[in-house]
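# Tertiary structure, described
Residue-level listing of the chains:
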Amino acid sequence: MKKIAILGSTGSIGTQTLEVIDYEKSCEVVALSAFSQIDLLEQQIKKYSPKIVAVMNEDKALELEKRLKSQQINTQVVTGMDGLIEVATFDEADIILTAVVGMVGLLPTIEAIKNKKTIALANKETLVTAGDLVMNLAHENEVEILPVDSEHSAIFQCLRAGNQNEVSRIILTASGGPFRTFTKEQLKNVILEQALKHPNWNMGGKITIDSATLMNKGLEVIEAKHLFNVELEQIEVVVHKESIIHSMVEYQDGSTIAQLGTPTMHHPISYALNFPQRATCDYIKKLDWTKLSSLNFEQPKYDVFPCLNLAFEALKIGGTMPAVLNASNEIVVASFLDKKISFVQIPKIIHEVMEKHININNPSLQQILEADSWAREYSKERIK
């Protein structure tokens, strides 16, 4: 039985991973982490008895530690980035599922790779910000990176149908989010509550807003480039409102292999945890082909949703620019969630930050972290 550490166990992907483990009994939970949701984390500790947990918020970590001691629960509690890295490199863990949101996932993932842990990657920012560095490190350490995002899991599965040199195109599907049919004028009046209502997926706040702006798809383009070692020109985005086809791979003979399924994260999580085998997933709702009347496809509206263009531009420029794109996006989305800026200001501020940045080619990890820090501060200035 595999032993798993979950970074971000109280978030959307983390809780669904624990559901998959409950159904399949295929993994033993040995380590968990949360940012500050210690009530839920405490419940998880009682159920799964991990050896160690990390809480990013120091005050919450101390509070959790007191609670566990009063109940004579021996789980070790660590805190901060050092604590997160301690969980990611925990000796007993075979596989590290990184489900934290944002740049916070980068350093723990790097350290886990150095410790030769298999990575189940649900934190796209790791490859968006430092894709070349991370993939080279994984290659050097002979570490497998298994994608957990539904789109990248789909591509990963489709690529098993042929050889790398036979791939013509990778086609990432996008639901289009809640504003797929909106015009530029209509987007000016969007409010937070509308943006948080995704038509197909139940996700956390940040990723739901990214889906509404199409930045999520842009980040996935950058991630796909690094994960699958393809050129930018080989990646295409198509809007598919039903979210039944999760992505496709077109081969040089004209054949297109697609991965289809109901819109649930249980399947890609299960696939990553059980790879290279497939589990019996009776708990996942299957498609009813007699009721699936049509599948629709359309071009993304790049002029209405400029975040997608910004991501393509950042990938084309390379260097530290993708880290700047990601950092600025994290700040402006947080501000939108706090109702400090409007929906249409999100891409405008990111564009301003990218234009101001002096790009560094072939950056070191330190230069990536410095670019990330600069972009966050400058984004906050633009918001003010």
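Residues numbered from 1 in each chain as written. Predicted model: local features only at pLDDT ≥ 70, side-chain atom pairs only at ≥ 80, totals over all residues. Heavy atoms only, no water.

### Focus on the pairing of strand β6 (residues 118-121)
For the record, the criterion: If DSSP finds at least two bridges between two strands, the strands pair. Each helix is a run of DSSP H or I of at least 4 residues and each strand a run of E of at least 2, with the numbering of both proceeding from the N terminus. With its strands directed away from the observer, a crossover is right-handed exactly when the path from the first strand over the helix to the second travels clockwise.
As judged from the 4 bridges shared by strand β5 (residues 95-98) and β6, these two strands associate in the parallel manner. The residue bridging L97 from the neighbouring strand is A120, located in β6. Once the chain exits β5 it traverses helix α5 (residues 106-114) before rejoining the sheet at β6, and the crossover so formed is right-handed. Relative to strand β7 (residues 145-147), β6 runs parallel, the two being bridged by 3 bridges. Within β7, the residue paired with A120 across the bridge is L146. In this fold, β6 hands off to helix α6 (residues 125-140), which returns the chain to β7; that crossover is right-handed.

### Details of the environment of N362
Among the secondary structure elements, N362 is positioned in the loop between α15 (345-356) and α16 (365-383). Spatially, the C-alpha atoms of N362 and K114 are 20 Å apart, while their sequence positions differ by 248 residues.

### Digging into the packing of aromatic side chains
Remark: the centre distance and the inter-plane angle together describe each pair of aromatic rings, the angle taken between the planes. In plain terms, the rule: Any two rings among Phe, Tyr and Trp, with Trp reduced to its six-membered ring, count as a pair given centres within 6.5 Å; such a pair is stacked if its planes are under 30 degrees apart, edge-to-face if over 60, and tilted if neither. Each residue gets one of three labels from its accessible area relative to the maximum for its type: buried under 20%, exposed over 50%, partly exposed in between, using a 1.4 Å probe on protein chains only.
Within the structure shown, the criterion is met by 9 aromatic pairs. Plain terms: the ring middles of Y23 and Y283 are 4.1 Å apart, the flat faces sit at 5° to each other, and that makes the pair stacked. Taken together, the residues Y23 in helix α1 (residues 12-24) and Y283 in the loop between α12 (266-274) and α13 (306-317) connect sequence positions 260 residues apart. You can call Y23 exposed: its relative accessible area is 51%. What links up through ring pairs into an aromatic cluster is the set F179, F182, F336 and F343.

### Quick notes on the pairing of strand β11 (residues 256-260)
A regular strand carries its side chains on alternate faces of the sheet. Across 5 bridges, the pairing between strand β10 (residues 245-251) and β11 is antiparallel. Within β11, the position partnered with M248 by the bridge is A258. Counting the residues in the hairpin turn of β10 and β11 gives 4 residues, including G254, whose phi is positive at 95°.

### What about the sheet that holds strand β1 (residues 2-7)?
What counts here: Axis geometry follows a simple rule: fit a line to the C-alpha atoms, using only the stretch in contact for helices, then measure angles between N-to-C directions, giving values from 0 to 180 degrees. Any two residues whose heavy atoms approach within 4.5 Å at even a single point are treated as in contact.
Within the open sheet, the 7 strands sit side by side as β4-β3-β2-β1-β5-β6-β7. Their pairing is parallel. For this open sheet the edge positions go to β4 (76-79) and β7, each flanked by a neighbour on one side alone. The sheet shows a mean angle of 25° between the axes of neighbouring strands, direction not considered. Seen against the sheet, helix α3 (residues 58-70) touches β3 (52-55) and β4 and runs at an angle of roughly 170° to β4.

### Observations regarding the pattern of salt bridges
Worth spelling out the cut-off: By definition here, a salt bridge exists when the distance from a side-chain nitrogen of Lys or Arg to a carboxyl oxygen of Asp or Glu is within 4 Å.
Under the counting rule described, the total for this entry stands at 22 salt bridges. The salt bridge involving D149 is made with K124; its shortest N-O contact spans 3.1 Å. Taken as a pair, D149 in the loop between β7 and α7 (150-158) and K124 in the loop between β6 and α6 lie far apart in primary sequence, 25 residues in all. Note on D149: relative accessible area 8%, which makes it buried. In this structure K124 comes out as buried when scored by relative accessible area, which is 4%. Linking R376 and D372 is a salt bridge whose minimum nitrogen-to-oxygen distance equals 2.8 Å. Separated by 4 residues within a single helix, R376 and D372 lie in helix α16, roughly one turn from each other.

Take it as geometry only, folks, not as evidence of what the structure does.
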